[in-house]
Amino acid sequence: MNLASIPSPSTGVIELGPIPLRGYAFCIIIGVFVAVWFGNKRWIARGGKAGTVADIAVWAVPFGLVGGRLYHVITDYQLYFSEGENWVDAFKIWEGGLGIWGAIAFGAVGAWIGCRRRGIPLPAWADALAPGIAFAQAIGRWGNWFNQELYGKPTDLPWAVEISEGANRVAGTYHPTFLYESLWCIGVALLVIWADRRFTLGHGRAFALYVAAYCAGRAWIEYMRVDEAHHILGLRLNVWTAIIVFVLAVVYIVVSAKLRPGREEIVEHDRDTTPGKNADARDADAKDAEQDADAKKDPLSKDEPGEPGKGLTADSTEAAAEKG
């Protein structure tokens, strides 16, 4: 018998008049705002301009949402495409189901596009945003609490989460794996902030540290979950994913530190780097420089300073003779 436990909400939706406010979506939105806000502060501290992080997030966030949903639907296709299931539910993202692996991968593609348009290095932007992403994940995991999903094995610990009877779940108290991952993500964010200050991480190494640290925690947390998942050699698919991505992140940190030590000195130039504007600006500058050079010369003789008559042409000499 449990003397204490974490109660789950009776519903994941709060009705504000005709507008349904879904707890899962609300947590995701708050997480995105926190990531952009904190990332902007770090970007400015590294010499970037205010607003750049938000401009690139306009590309990264939609790509991340699509990628996160695709990963979930593909890896848990039986929930939507098996007999008796409705495939339309695959589009109901508000009911839960975002794979962080797909979200980060597709989000990186969107961020790459945004960085290219602004003319700034993607690794530097990713380093600035890394702790904010971890904080966003910590907040977003509470969306699983609203939906009563992604819990662990049964337990009678004082911090067990209460799960009510519902579709594909049995009433009882379980390990709150969403809470474990939320706390782990906060720790990852603090680790990256400390390491970035202590070792002056650059060229994507702060982001790689976030990835490696997150994967280390996700592996053991994933192992505790009891929701349906595909297994390979006795391990859940996401455990294998965490192991592989962890190794890749560590390799990147080691190789990058040898090839490109230190940190980027300049992450964003003052000039507007929007495609199409650089060429115009260069043409305008060249034209102004040419006009300035012409203005410094004598428009009549074109003589060099201190050398009278050097710039006279044959036509001007004949004209002077006739006049004489």
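The paragraphs below set out a description of the structure included in this document. (Residues numbered from 1 in each chain as written. Predicted model: local features only at pLDDT ≥ 70, side-chain atom pairs only at ≥ 80, totals over all residues. Heavy atoms only, no water.)

### Describing the overall build of the protein
No. 1: What the protein contains, in helices and strands, is 11 helices and 6 strands.
No. 2: For the protein, the proportion of its 324 residues judged to be buried stands at 38%.
No. 3: When the accessible area of the protein is evaluated, it comes to approximately 18,800 Å², of which 65% is carbon and sulfur surface. (Helix = DSSP H or I, 4+ residues; strand = E, 2+ residues; numbered from the N terminus. Buried < 20%, exposed > 50% of the residue type's maximum accessible area, 1.4 Å probe, protein only. Areas by Shrake-Rupley, 256 points an atom, 1.4 Å probe, with all protein chains shown as cover.)

### Describing the pattern of salt bridges
No. 1: Taken as a whole, this structure holds 13 salt bridges when the rule is applied.
No. 2: A salt bridge links E181 to R141; its shortest N-O distance comes to 3.0 Å. Here E181 is found in helix α7 (residues 177-199), whereas its partner R141 is found in the loop between α5 (122-140) and α6 (142-147), with 40 residues between them in sequence.
No. 3: Taking relative accessible area as the criterion, R141 reaches 12% and is therefore assigned buried.
No. 4: In this structure, R218 and E181 form a salt bridge, with 3.9 Å as the shortest nitrogen-oxygen distance. Remark: E181 occurs in helix α7 and R218 occurs in helix α8 (residues 205-224); sequence separation between them is 37 residues. Considered together, R218 and E181 belong to a single accessibility category, that of buried residues.
No. 5: One connected set of salt bridges, linked through shared partners, spans R141, E181, R218, E222, R225, D227 and R236. (Salt bridge = Lys/Arg side-chain N within 4 Å of Asp/Glu carboxyl O.)

### Overview of the nonpolar core
No. 1: W43, W101, W125, V192 and Y210 are the most contacted members of the largest nonpolar core, which totals 37 residues.
No. 2: If you list the elements that add at least two residues to this core, you get α2 (52-75), α4 (100-118), α5, α7, α8 and α9 (237-259).
No. 3: With 9 residues, α8 is the largest single contributor of residues to this core.
No. 4: Aside from chain neighbours lying at most four places away, what touches W125 is W43, T52, V53, I56, A57, A60, A111, C115 and I120.
No. 5: If you look at the next biggest cluster of nonpolar residues, it comprises 8 residues, including I6, Y151, I163 and Y174. (Core = buried A, V, L, I, M, F, W, Y, C linked by side-chain atoms within 4.5 Å. Contact = heavy atoms within 4.5 Å.)

### Let's talk about unusual backbone geometry
The general pattern is negative phi for most residues beyond glycine and trans for most peptide bonds.
No. 1: Its identity is not glycine, yet H203 carries a phi of approximately 55 degrees, on the positive side.
No. 2: With respect to the helices and strands, H203 occurs in the loop between α7 and α8.
No. 3: For H203, a relative accessible area of 11% translates into the label buried.
No. 4: Non-glycine residue L233 carries a positive phi angle of around 55 degrees.
No. 5: Take L233: it is sitting in the loop between β5 (231-232) and β6 (235-236).
No. 6: For L233, a relative accessible area of 78% gives the class exposed.

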